[in-house]
Amino acid sequence: QVQPAESGGGVVQTGGALRLSCATPGRTFNSYAMAWFRQAPGKEREFVAAVSWSGSSTRYADSVKGRFTVSRDNAKNSVYLQMNNLKPEDTAVYYCAADRVGAIRSTYSEETMNYWGKGTLVTVSS
């Protein structure tokens, strides 16, 4: 019933920007915290950013802090990840995930999330 769906991935040059979107149908969306993870080839899936149910609180991985911004629009059942000043090391499949606990957590892992999207590929060329 809950299946996030990512979009907006693509190819961008180093220093460029992309905006990812995640649509999550269902009337319970507004109660979930939402998070972005990414997985590069040969690496483990890692946390990127999260936003509380209301959008009032956020968390970021140190590797993206100051470059990425996570936000949400509950009227549209959508979450966004604005990615600026992209680097080749940002190349990965980006996943959107939902947490039934709506409050922001101090830390996130795959085990804290309940529902996952299928991912969208972001490639940053050098």
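These numbers were taken from a predicted model, which means no experiment stands behind them. (Residues numbered from 1 in each chain as written. Predicted model: local features only at pLDDT ≥ 70, side-chain atom pairs only at ≥ 80, totals over all residues. Heavy atoms only, no water.)

A. Region of interest: the nonpolar core. Met34, Trp36, Leu81 and Tyr94 are the most contacted members of the largest nonpolar core, which totals 35 residues. Elements with a minimum of two residues in this core: strand E3 (18-23), strand E4 (33-39), strand E5 (46-51), strand E7 (68-73), strand E8 (78-83), strand E9 (92-99) and strand E11 (120-125). Ignoring anything within four residues of it in the chain, the contact list for leucine 81 reads Leu18, Arg19, Leu20, Trp36, Val48, Ala49, Phe68, Thr69, Val70 and Tyr94. (Core = buried A, V, L, I, M, F, W, Y, C linked by side-chain atoms within 4.5 Å. Buried < 20%, exposed > 50% of the residue type's maximum accessible area, 1.4 Å probe, protein only. Helix = DSSP H or I, 4+ residues; strand = E, 2+ residues; numbered from the N terminus. Contact = heavy atoms within 4.5 Å.)

B. Layout of the pattern of salt bridges. In the structure shown here, the tally under the stated rule is five salt bridges. A salt bridge links aspartate 90 to arginine 38; the nearest nitrogen and oxygen atoms lie 2.9 Å apart. Residue aspartate 90 is located in the loop between E8 and E9, and its partner arginine 38 is located in strand E4; the two are separated by 52 residues in the primary sequence. Under the relative-accessibility criterion, arginine 38 is labelled buried at 5%. Notably, a salt bridge pairs aspartate 90 with arginine 67, separated by 2.8 Å at the nearest N-O pair. Here aspartate 90 is found in the loop between E8 and E9, whereas its partner arginine 67 is found in the loop between strand E6 (58-60) and E7, with 23 residues between them in sequence. The class for arginine 67 is buried, based on a relative accessible area of 10%. Beyond isolated ion pairs, a larger network of salt bridges with shared partners links Arg38, Glu46, Arg67 and Asp90. (Salt bridge = Lys/Arg side-chain N within 4 Å of Asp/Glu carboxyl O.)

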